[in-house]
Structure formats: structure tokens, C-alpha cells
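Chain by chain, the residues:
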Amino acid sequence: MANTKSAKKRIRQTAVRQARNRSYRTRMRNAIRDLRAHADSGETEAARTALPKTLSLIDTTAQKGLIHRSTAARYKSRLTKLVQRQTSAAEPTAEPSAD
């Protein structure tokens, strides 16, 4: 247990920061999970609208130092590719007419 006044204050500050960081990290993970679920279930419109919000949360989490910037870039790249693949697969392709 902390003995000095400053050590006790550091414990309080750490507890507040841990709670805040946990909240940001959880929000990011939930957004990623929801986006992947939309893409996997074929809800392309929902996935397309959720993508910018999810990318913003990833950027915020990286800015705060909770994840590394390379990790953020990797998440963003993979999620964007996933949504683009699902969107292109859902759109009907124009087949040439057999005349």
C-alpha cells in the first residue's frame, strides 16, 4: 500500500485512467465486431454506414496510445477491404445480352 500522499494520488489517477482506457478500447472492439458481423451477414448498407464510425474510433484509440499506429492502420485496411469485398459481391454485375 502507498505510504506517501503523492503515491496515493498516483493510485487514484491510475484508476481513473484505467477506466477511461478500458472504455475506449471496449468501444473500439465492439465497433469492429459489429462491423464484421454486418459484413459477414450480407448487410452491405449497414456495413457501409458503420465503416466511417469504426475507422474514427480506431483512429481515436491510436491517438490516445491505447493501440499502436501500425495496428490501427492494419485494422483500418482490413476492415475497408472486407466492406469493399462484401459490397462488390452484393452488387449485381451487368451481364452482356446474348444477341
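Quick note: structure is the one above.
Since we're looking at a predicted model, the values are computed, not measured. (Residues numbered from 1 in each chain as written. Predicted model: local features only at pLDDT ≥ 70, side-chain atom pairs only at ≥ 80, totals over all residues. Heavy atoms only, no water.)

1. Re the environment of Thr-71
Heads up, the rule is: The helix and strand labels rest on DSSP assignments: H or I over at least four residues marks a helix, E over at least two residues marks a strand, and numbering proceeds from the N terminus. Exposure is judged per residue with a 1.4 Å probe applied to protein chains only, and the accessible area is read against the type maximum: over 50% gives exposed, under 20% gives buried, and values in between give partly exposed.
By the secondary structure assignment, Thr-71 is in helix H3 (residues 69–90). Residue Thr-71 is classed as buried on the basis of its relative accessible area, which comes to 18%. With 33 residues separating them along the chain, Thr-71 and His-38 place their C-alpha atoms 22 Å apart.

2. Digging into the packing of helix H1 (residues 5–41) against H3
The condition that has to hold: Axis lines are fitted through C-alpha atoms, for helices just across the contact stretch, and the angle between N-to-C directions can take any value from 0 to 180 degrees. Relative orientations are named as follows: roughly parallel for angles under 35 degrees, roughly antiparallel for angles over 145 degrees, roughly perpendicular for angles from 65 to 115 degrees, and oblique for any other angle. Two helices that cross are described as forming a left-handed crossing if the nearer one is turned anticlockwise from the farther one by less than a right angle, and a right-handed crossing if clockwise. It only takes one pair of heavy atoms within 4.5 Å for two residues to be counted as in contact. Under the scheme applied here, ten amino acids are nonpolar (Ala, Val, Leu, Ile, Met, Phe, Trp, Tyr, Cys and Pro), four are charged (Asp, Glu, Lys and Arg), and all others, including Gly, are polar.
For the pair H1 and H3, the least separation of the axes is 9 Å and the interaxial angle reads 20°. Relative to H3, the element H1 is oriented roughly parallel. Seen from above, H1 lies across H3 with left-handed handedness. Seen from H1, the contacting residues are Met-28, Ile-32, Leu-35, Arg-36, Ala-39 and Asp-40; seen from H3, they are Tyr-75, Leu-79, Leu-82, Val-83 and Gln-86. By residue class, the composition of the contact of H1 with H3 is eight nonpolar, one polar and two charged.

3. Points about the packing of H1 against helix H2 (residues 44–63)
Running from N to C, H1 and H2 point in directions that differ by 155°, and their axes come no closer than 9 Å. When the axis of H1 is compared with that of H2, the two are roughly antiparallel. Pair H1 / H2 crosses with left-handed handedness. Across from Tyr-24, Arg-27, Met-28, Ala-31, Ile-32, Leu-35, His-38 and Ala-39 in H1, the residues of H2 making contact are Ala-46, Ala-47, Ala-50, Leu-51, Thr-54, Leu-57, Ile-58, Thr-60 and Thr-61. A breakdown of the residues in the contact of H1 with H2 according to their chemical character gives twelve nonpolar, four polar and one charged.

By themselves, these are just geometric observations and shouldn't be taken as functional.
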